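# Structural features, examined
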Amino acid sequence: MSHYYEENDLERFAELGRYRPELFEIFMNYYQNVMAEGALSVREKALIALAVAHTVQCPYCIDAYTRACLESGSNPEEMTEAVHVAAAIKGGATLIHGVQMHNVTDKVSI
Amino acid sequence: MLLEPGKEHLPEFFRRHRVELVCSLPYYQADMVDRLRGAGVFQKSLEALRRLNELGYGREGSELVLNLMANPVGAYFPPPQAELEILFRRELGRRYGIRFHQLFTLINMPIGRFEEFLRRSNNYERYLNRLAGSFNPATVPSLMCRHLISVSWEGILYDCDFNQALNLPLGEELPRHIRDFDLKALQHRRIRLAEHCYGCTAGSGSSCAGSLEG
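Residues numbered from 1 in each chain as written. Chains lettered and ligands numbered in written order. Predicted model: local features only at pLDDT ≥ 70, side-chain atom pairs only at ≥ 80, totals over all residues. Heavy atoms only, no water.

### As for the overall build of chain A
- Within chain A, the secondary structure is distributed over five helices and zero strands.
- Starting at the N terminus, the α and β elements of chain A follow one another as α-α-α-α-α.
- Against the globule reference of 13 Å for 110 residues, chain A gives a C-alpha radius of gyration of 19 Å, more extended than a compact globule.
- Taken over the C-alpha atoms alone, chain A extends approximately 60 × 35 × 35 Å along its principal axes. (Helix = DSSP H or I, 4+ residues; strand = E, 2+ residues; numbered from the N terminus. Rg over C-alpha atoms; globule rule 2.2 N^0.38 Å.)

This is how it looks when you write it as structure tokens:
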């Protein structure tokens, strides 16, 4: 193992079912149902997944959902906007915690 | 091609003879198309499509059939044909006022320049695995090689255009030239297979008329 993250490991996801396979099966069943066409299209779900993949900074998910977005008809412009949505929410979430900083500052200040 | 010098008469010629057209347009955005086909190709394609629309091609209910053919701009699969057709119709109409009848999707075959790209970019193994892993037996009855043969300009027979490009003629036990054409022998022939055949059997399948399923 030369790196913690190996590209080929993505294809080995099913190995997680080696122990307690019933849990993996339940997860995969849930996962596939979530990502299937529903009130949202497969294309929209792939864009959401791509944004989330960036916020959780999972290289496997970014790889998988970049491809999934392209394969569901999205283009790099739309995918970049999705990543910006993720960045905006993450940035906003950081900044809103500044209110807590203000609260603590106010509490301890004379 | 329709805009090249000396070929300007073709759209009118096509209209007069009611020729059904299939135009290659990998995507509805310039950067994606030009990346694949070369700088400026997208604009030229739009001009040609506009010209065909003006002649009556692509209009709803028109006998002048204008279909589009889209293939992915890289080492990935095309979206489901019906869904991509909706996207293309909406975006080509909204952005450029272009109309067309049907959209066909095509899987990129791992041969020729695309194979060179796959190998150069270290995508070859993963792409081939993906094609093989997506083998769909339901596509097999509709495969083009089951119903057609490909004939080169010299009259040599092949199972398909891809085998022709790869110089893989029919097996030695079969008629190998158009002058020896034998319908019965060719209808029940053993097809010459290679790795690229997975390109036609992956997912929804792929052919010159788009995906084989749905």
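Picking up where we left off.
### Details of the packing of aromatic side chains
- For the structure shown, the criterion picks out 13 aromatic pairs over all chains.
- Ring centres of A:Phe13 and A:Phe27 lie 6.4 Å apart, and the angle between their planes is 85°; on these two criteria the pair is classed as edge-to-face. Separated by 14 residues along the polypeptide, A:Phe13 in the segment before α1 (21-35) and A:Phe27 in helix α1 bring together distant segments of the chain.
- We classify A:Phe13 as partly exposed; its relative accessible area is 40%.
- A residue is classified by how much of its surface remains accessible, and A:Phe27, at 36% relative accessible area, is partly exposed.
- On the numbers, 6.1 Å between centres and 90° between planes, the contact of B:Phe77 with B:Tyr127 is edge-to-face. Within this pair, whereas B:Phe77 is found in the loop between β2 (66-70) and α4 (81-96), its partner B:Tyr127 is found in helix α6 (residues 124-133), the two being separated by 50 residues in sequence. (Phe/Tyr/Trp six-rings, centres within 6.5 Å; stacked < 30°, edge-to-face > 60°. Buried < 20%, exposed > 50% of the residue type's maximum accessible area, 1.4 Å probe, protein only.)

### Some details on the nonpolar core
All names here are of chain B.
- Judged by nonpolar contacts, the single largest core of 40 residues is most densely connected at Leu66, Leu68, Phe88 and Leu92.
- Filtering out sequence-adjacent residues up to four positions away, Leu68 remains in contact with Val22, Cys23, Leu25, Leu49, Phe88, Leu92, Phe100, Gln102, Leu103 and Phe104.
- Counting ten residues, the second largest nonpolar core, distinct from the first, contains Ala75, Ile107, Leu131 and Ala202. (Core = buried A, V, L, I, M, F, W, Y, C linked by side-chain atoms within 4.5 Å. Contact = heavy atoms within 4.5 Å.)

### Quick word on the pattern of salt bridges
- Overall, the coordinates contain 17 salt bridges over all chains when judged by the stated rule.
- With its nearest N and O atoms 3.1 Å apart, the salt bridge here joins A:Arg12 to A:Asp9.
- We note a salt bridge from B:Glu91 to B:Arg94, for which the minimum N-O separation is 2.6 Å. Of this pair, B:Glu91 and B:Arg94 both sit in helix α4, separated by three residues, roughly a single helical turn.
- Taking relative accessible area as the criterion, B:Glu91 reaches 4% and is therefore assigned buried.
- Among the charged side chains, a salt-bridge network with shared partners connects A:Glu7, A:Asp63, A:Arg67 and B:Arg126. (Salt bridge = Lys/Arg side-chain N within 4 Å of Asp/Glu carboxyl O.)

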